[in-house]
Amino acid sequence: MRNIINRIFLLSLFWVSCECEQTKFCQEALENARMCEAMAYPINSNVKEAQVLKSTESTPVTVNKHQEKTLFLITPTYTRGTQLAELTIMASSLAPVKNVVWIIVEQFRQSHHVTEFLSTCNTTHYHIVGKTRRGNLCNGLRNSALEFMRRYRNVFKDGVIHFANTDRVYSPSAFEEMRKVEHVGIWPTQRARERFTCNPKLSLQSSYYVKYRLNIGSVGLSIDAVLDSGYKFKISESDTQGLGGLIAELVDDVEDLEVISCDGRFVWYIRFQR
């Protein structure tokens, strides 16, 4: 009888020990899951409810008041022969950049090849659809992105918006320069038709159809200012005109523009063959 009791006692100890080990394993697994959840994974905009973005936490190497600003890059795209090549170049530029959200707006539908490509990207992103059929497609797709961001205003805040066309090439330093923007910041785009000097008055005075004649690769804007303005791009206007109209909504005069760099060589305009 005593042997039976001892066996039962030993079995109970073994069971408790196993339970403890299992609990420990589960706790470790739970901690790992929480760590993974805290990292910024790609998010697909098919969801109906807003999802809160969570950036990877890291210890800054240096104290920099601009370092924590989130960059929100809006990229319009549509099906064509160079589409994936252009997106690959943009994704490669963004890969090492921290605290950035990439919003890809595709015309008509989320194509399978773009969705599949984005699934391989580590950059936090939204893949959404714009229904623009005529006029300046990029301006129409930008409106779709801004509408989406306004719908989930509690997620999209406290950062800098940049309209990142796929025919712009960026060096890694470009994105750190963008974080310096407080309201409307400007810098040169190499090989762009729009003239740029250190004095915004000299850069912009030659335009008769738009007050702020800047290349779309040369401007960063406060996300709060842009979304609060309610501005919509006109599909009858060029990129430069549309951007100029937005800037006119946000500043009173050229003196209000922040010159982030006079001669920086970190953004290039490259015309891809269509």
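Residues numbered from 1 in each chain as written. Predicted model: local features only at pLDDT ≥ 70, side-chain atom pairs only at ≥ 80, totals over all residues. Heavy atoms only, no water.

Draft legend 1. Spotlight on the overall build of the protein chain. Tallying secondary structure elements over the protein chain gives eight helices and nine strands in all. Pairs at least 24 residues apart make up 76% of the contacts formed inside the protein chain by residues separated by at least 6 positions. A total accessible area of about 15400 Å² is found for the protein chain, and carbon and sulfur atoms account for 54% of it. (Helix = DSSP H or I, 4+ residues; strand = E, 2+ residues; numbered from the N terminus. Contact = heavy atoms within 4.5 Å. Areas by Shrake-Rupley, 256 points an atom, 1.4 Å probe, with all protein chains shown as cover.)

Draft legend 2. Quick peek at the confidence of the model for the protein chain. Predicted confidence across the protein chain gives a mean pLDDT of 79, with 71% of residues reaching 70 or more. Predicted confidence is poor over residues 1-63, with pLDDT under 50, and the contacts of this stretch with residues over four places away or in other chains come to 49 contacts. (pLDDT = per-residue confidence, 0-100.)

Draft legend 3. Quick look at helix H2 (residues 83-94). With 12 residues, H2 should cover 16 Å at 1.5 Å per step; its first-to-last C-alpha distance of 17 Å lies within 8% of that length. Buried positions along H2 lie against strand S1 (70-77), strand S2 (100-107), helix H3 (112-118), strand S5 (168-170) and helix H5 (172-178). (Expected span 1.5 Å × (residues − 1).)

Draft legend 4. Seen up close, the sheet that holds strand S3 (residues 124-130). With respect to topology, seven strands assemble into an open sheet ordered S3-S2-S1-S4-S7-S6-S8, the strand pairing being mixed. Each end of this open sheet is capped by a strand with a single partner; those strands are S3 and strand S8 (258-259). Here strand S6 (residues 184-186) runs beside strand S7 (residues 219-222); their pairing, made up of three bridges, is antiparallel. Of the residues in S7, the one forming a bridge with Ile-186 is Val-219. (Pairing = 2+ DSSP bridges.)

Draft legend 5. Representation of the packing of aromatic side chains within the structure. In this structure the tally under the stated criterion is eight aromatic pairs. For the pair Phe-72 and Phe-156, a centre-to-centre distance of 5.8 Å together with 65° between the ring planes defines the contact as edge-to-face. Of the two residues, Phe-72 sits in strand S1 while Phe-156 sits in the loop between helix H4 (137-151) and strand S4 (159-163), which places them 84 residues apart along the sequence. The pair formed by Phe-72 and Phe-156 is uniform in burial state, with each residue classed as buried. Aromatic side chains Tyr-231 and Phe-233 sit 5.4 Å apart centroid to centroid with 80° between the ring planes, which places their arrangement in the edge-to-face category. Both residues of the pair, Tyr-231 and Phe-233, belong to the buried class. Three or more aromatic residues joined by ring pairs make a cluster, and in this case those are Phe-72, Tyr-126, Phe-148, Tyr-152 and Phe-156. Over the ring of Tyr-78 we find Arg-80, and its NZ or CZ is 4.2 Å from the ring centre. The ring of Phe-233 carries the charged tip of Arg-142 above its face, separated from the ring centre by 5.8 Å. (Phe/Tyr/Trp six-rings, centres within 6.5 Å; stacked < 30°, edge-to-face > 60°. Buried < 20%, exposed > 50% of the residue type's maximum accessible area, 1.4 Å probe, protein only. Lys NZ or Arg CZ within 6 Å of the ring centre and 35° of its normal.)

Draft legend 6. Structural context of the side chain of Thr-77. Looking at the secondary structure, you find Thr-77 in strand S1. Apart from the residues lying within four places of it in its own chain, the contact partners of Thr-77 are Gln-83, Leu-87, Ile-104, Val-105, Glu-106, Gln-107 and Leu-141.

Draft legend 7. Main features of helix H8 (residues 239-250). Across its 12 residues, H8 extends 17 Å between first and last C-alpha, which sits within 8% of the 16 Å expected from 1.5 Å per residue. Those residues of H8 lying buried are Asp-239, Thr-240, Gly-242, Leu-243, Gly-244, Leu-246, Ile-247 and Leu-250. Structurally, H8 contributes buried residues whose contacts are with H4, S4, S6, S7 and helix H7 (223-229).

Draft legend 8. Quick look at the environment of Lys-69. As for its position among the elements, Lys-69 is in the loop between helix H1 (2-37) and S1. Taking the relative accessible area as the measure of exposure, Lys-69 reaches 17% and is therefore buried. Those residues in contact with Lys-69, other than ones at most four positions away along the chain, are Asn-99, Val-160, Arg-179, Lys-180, Val-181 and Glu-182. Of the polar contacts made by the side chain of Lys-69, one reaches the backbone oxygen of Val-181; its length is 2.3 Å. (Polar contact = N/O pair within 3.5 Å; in protein donor to acceptor, adjacent residues only side chain to side chain.)

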